[in-house]
Amino acid sequence: MRFLYLFLFLSAVIVVSVTANQCDKETSCGDDETCCKLGDNTWGCCPMPQAVCCDDRSHCCPSGTTCDPQGSRCIGEDNQHTPMRKKKPARKTGMTVVEKNEFDEVICPDKSSKCPDGSTCCLLEQGTYGCCPVPNAVCCADMLHCCPNGFQCHGQFCSQNFAMIPHLRKFASTSIHRKPAVDFLPEEEEDEDEDSSSSSSSTSSESSESSESSESGDMDPVACGVGKTCPSKTTCCEIRRRNGEMKTMCCPLTNAVCCENTCCPGGYHCVAGGKCEKHARTMRHRFWNKGEEE
């Protein structure tokens, strides 16, 4: 009987040691770390066991101390001060369910930014999200790099058993930004533009034609269906009427995206409610480039 009690006790200790640092079904921390929530309500790891998770959701303190966020310190019972420690994102222990929109773009946990299909949202040091260029990636603790699924962040490399590859660098996420779609040109306006372009071309001299030959392509009307044209620098859109018939309309934008009853600028999706939503950026735009407008 004594051996049975000893066996049950050791089993309980083993179970506790295995599951103590499992933050949830999908994330975990190391044996010498503590699970703490981050600012975006995801799990992070404090680099010490049985730590105190501070209310600012960015830092933590050793066991038995009190967080002092204003002083960036941990206060012990003997009034000894130690610096607060910064948390890092928890590791993924399995394939997480990725939230996507209708265009297969990945929606980040803050619900206000997104990444392109085939990438992973990773938290940056400033509290916003960047994109790792591989799916189900491991977000590194430096909040700058990431590794493919199944690898671990190890210095400037990603390691898996004895294999090591260079770590990956995140790129800029895209804010989920919507703006009103653009109406098609009225058919009367299209006819007026066609008449003006034809009359101006008929009265132009041969000398002006030769001098402006390099720019003539930009001023030419746009073919749009049988016997119809749209003004220069517009886009021809084919839409379906309520009776099922197809009709061509002119969008007053160059290289536009044609929607059901409106159009959007290039680089945008047509979304419900007559809105245009910007495409998720690709890895050509990295998060340290600030010059791009939304």
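All residue numbers refer to position in the chain's written sequence, counted from 1. Given that the model is predicted, a residue must reach a pLDDT of at least 70 before its local features are reported, and side-chain atom pairs must reach 80 or more before they are shown or counted; all residues, however, enter totals for whole chains, interfaces and linings. Calculation of side-chain values draws on the structure's entire complement of heavy atoms; hydrogens and water are dropped beforehand.

### Thoughts on the sheet that holds strand β22 (residues 171–172)
The three strands are arranged β14-β15-β22 in an open sheet whose pairing can be described as antiparallel. Unpaired on one side and paired on the other, β14 (120–123) and β22 mark the two borders of the sheet. Note on pairing: DSSP must find at least two bridges between two strands before they are called paired. Numbering of helices and strands starts at the N terminus; helices are DSSP runs of H or I of at least 4 residues and strands are runs of E of at least 2.

### Observations concerning the environment of Gly44
Mapped onto the elements of the fold, Gly44 is located in strand β3 (residues 43–46). Buried means the residue's accessible area, taken with a 1.4 Å probe over protein chains only, is under 20% of the maximum for its type, while exposed means over 50%, and partly exposed covers the values in between. When its relative accessible area of 0% is taken as the criterion, Gly44 is described as buried. As a C-alpha pair, Gly44 and Cys23 span 21 residues in sequence and 8.5 Å in three-dimensional space. Every residue in contact with Gly44, bar those within four places of it in the chain, is listed here: Cys29, Thr34, Cys35, Cys36, Leu38, Lys88, Pro89 and Ala90. Should any heavy atoms of two residues lie within 4.5 Å, those residues are counted as being in contact.

### With respect to the confidence of the model for the chain
A residue's pLDDT is the predictor's confidence in that residue, given on a scale from 0 to 100. Per-residue pLDDT for the chain has a mean of 79; in total, 77% of the residues score no lower than 70. Across residues 285–294 the pLDDT falls below 50, and counting only partners more than four positions away or on other chains, this stretch makes 22 contacts in the model.

### Examining the UniProt feature "domain: Granulins" (unreviewed entry) in the chain
Under the feature "domain: Granulins" (unreviewed entry), the UniProt entry names residues 54–67 and 140–153. Along residues 54–67 the backbone is 0% helical and 36% strand, and the end-to-end C-alpha distance reaches 6 Å. Overall, residues 140–153 shows 0% helix and 36% strand. The separation of its end C-alpha atoms is 6 Å. UniProt positions are given in the numbering used here, feature names are shortened, and annotations may be inferred rather than shown by experiment.

### As for the state of the cysteines
Cysteine sulfur atoms are paired as a disulfide whenever they come within 2.5 Å of each other. On inspection of all chains with the given rule, the structure shows 18 disulfides. At a sulfur-sulfur separation of 1.9 Å, the disulfide partner of Cys29 is Cys45. Of note, the bridge from Cys29 to Cys45 carries an S-S torsion of about -90° and is left-handed in sense. With a gap of 16 residues between them, Cys29 in the loop between β1 (27–28) and β2 (34–37) and Cys45 in strand β3 connect regions that are remote in the sequence. In this structure, Cys29 and Cys45 share a single accessibility class: buried. The disulfide partner of Cys115 is Cys131, and the gap between their sulfur atoms is 2.0 Å. The disulfide joining Cys115 to Cys131 has a torsion of about -85° about its S-S bond and is therefore left-handed. Residue Cys115 is located in strand β13 (residues 113–115), and its partner Cys131 is located in strand β15 (residues 129–132); the two are separated by 16 residues in the primary sequence. A residue is classified by how much of its surface remains accessible, and Cys115, at 0% relative accessible area, is buried.

### Examining the sheet that holds strand β21 (residues 168–169)
Across the sheet, three strands lie side by side as β16-β17-β21; this open sheet has antiparallel pairing. Each end of this open sheet is capped by a strand with a single partner; those strands are β16 (138–139) and β21. Across two bridges, β16 lies against strand β17 (residues 145–147) in antiparallel orientation. In the sheet register, Cys139 faces β17, and the bridge partner there is Cys146.

### Things to note about the nonpolar core
By size, the foremost hydrophobic cluster in this structure holds ten residues: Leu38, Val106, Cys108, Cys115, Cys121, Leu123, Tyr129, Cys131, Met143 and Phe171. Elements supplying a minimum of two residues to this core: β14 and β15. Setting aside its immediate chain neighbours within four residues, Leu123 contacts Leu38, Asp40, Thr128, Tyr129, Met143 and Lys170. What makes a nonpolar core is a set of buried Ala, Val, Leu, Ile, Met, Phe, Trp, Tyr and Cys residues whose side-chain atoms join them at distances within 4.5 Å. Counting seven residues, the second-largest nonpolar core is a separate cluster that includes Phe184, Cys237, Met249 and Cys263.

### What about the pairing of strand β28 (residues 235–240)?
Burial along β28 is one-sided: Thr235, Cys237 and Ile239 are buried, and none of Cys236, Glu238 and Arg240, which face the opposite way, are. For β28 and strand β29 (residues 246–251), the ladder comprises six bridges, and the chain directions are antiparallel. Across the sheet, the residue bridging to Cys236 is Cys250, located in β29. Where β28 folds back onto β29 in an antiparallel hairpin, the turn is made up of five residues, including Gly244, whose phi is positive at roughly 95°.

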